[in-house]
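Survey of secondary and tertiary structure
Below are the chains, spelled out letter by letter.
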Amino acid sequence: QQRCFIEEVPADTLVIGKYKNPDFKPYGDPGFTETGIRAMVTDPTGSVLLQTMTNKQGRVAFTSLTGGEHMLCLSTNNTRWFGTPRKFRFDLHVDVGETTIDYNEVAKKEHLSTLEVEIRRLNNKAKDIMAQ
């Protein structure tokens, strides 16, 4: 079974999805089920931008090529016909554009003052608004 989330994204915009998959059991762990969750991102034209298997936690990131509705779909890799169905918990948080930037990290790397960081944040926010 597949679950999809739709996000309206302007062209040339960074999108980051951070996830936690608390029910994931890696190979070798007690309770290993051979079942994982696949994440796939498609753009408004239906082109696949990203396809990956998820871990216990991590992130998926892509930059939109065109503006419009992008779909992030999650599905299991299990194709068994028999047995009891399993439920999975999957926590997902999606940041689009300016909200993807960790300004504390930028300030540390570039040795920026509080005022310089705020100006950078506002400039990025203005770019996002103009792109929409």
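See above for the structure.
1. Examining the overall build of the protein
- When its secondary structure is counted, the protein shows two helices and seven strands.
- Of the regular secondary structure in the protein, the N- to C-terminal order runs β-β-β-β-β-β-β-α-α.
- The proportion of buried residues among the 132 residues of the protein is 28%.
- Of the roughly 9300 Å² of accessible surface on the protein, a fraction of 53% belongs to carbon and sulfur atoms.

2. Focus: the sheet that holds strand β4 (residues 48–53)
- Taken together, the four strands give an open sheet; going across it, the order is β1-β6-β3-β4, and neighbouring strands pair in antiparallel fashion. Strands at the two margins of the open sheet, each flanked by one partner only, are β1 (2–9) and β4. Mean inter-strand twist for the sheet, computed between neighbouring axes without regard to direction, equals 15 degrees.
- With eight bridges connecting them, β1 and strand β6 (residues 68–76) associate as antiparallel partners. Within β6, the position partnered with Ile6 by the bridge is Met71.

3. Quick word on the packing of aromatic side chains
- Scanning the model with the defined rule gives one aromatic pair in all.
- With a centroid separation of 5.3 Å and 15 degrees between ring planes, the pair formed by Tyr19 and Phe90 is classed as stacked. Taken together, the positions of Tyr19 in strand β2 (residues 14–20) and Phe90 in the loop between β6 and β7 (91–96) put the pair 71 residues apart, joining distant regions of the chain.

4. A few points about the nonpolar core
- Membership of the largest hydrophobic core is limited to eleven residues, which are Val9, Val15, Tyr19, Ile37, Ala39, Val41, Val60, Phe62, Leu72, Leu74 and Phe90.
- Those elements that place two or more of their residues in this core are β2, β3 (37–42), β5 (57–63) and β6.
- Of the residues forming this core, the biggest block, three residues, is contributed by β3.
- Those residues in contact with Val41, other than ones at most four positions away along the chain, are Ser47, Val48, Leu49, Leu50, Phe62, Met71 and Leu72.

Scoring rules and cut-offs
Residues numbered from 1 in each chain as written. Predicted model: local features only at pLDDT ≥ 70, side-chain atom pairs only at ≥ 80, totals over all residues. Heavy atoms only, no water. Helix = DSSP H or I, 4+ residues; strand = E, 2+ residues; numbered from the N terminus. Buried < 20%, exposed > 50% of the residue type's maximum accessible area, 1.4 Å probe, protein only. Areas by Shrake-Rupley, 256 points an atom, 1.4 Å probe, with all protein chains shown as cover. Pairing = 2+ DSSP bridges. Axes fitted to C-alpha atoms, helices over the stretch in contact; angles between N-to-C directions. Phe/Tyr/Trp six-rings, centres within 6.5 Å; stacked < 30°, edge-to-face > 60°. Core = buried A, V, L, I, M, F, W, Y, C linked by side-chain atoms within 4.5 Å. Contact = heavy atoms within 4.5 Å.

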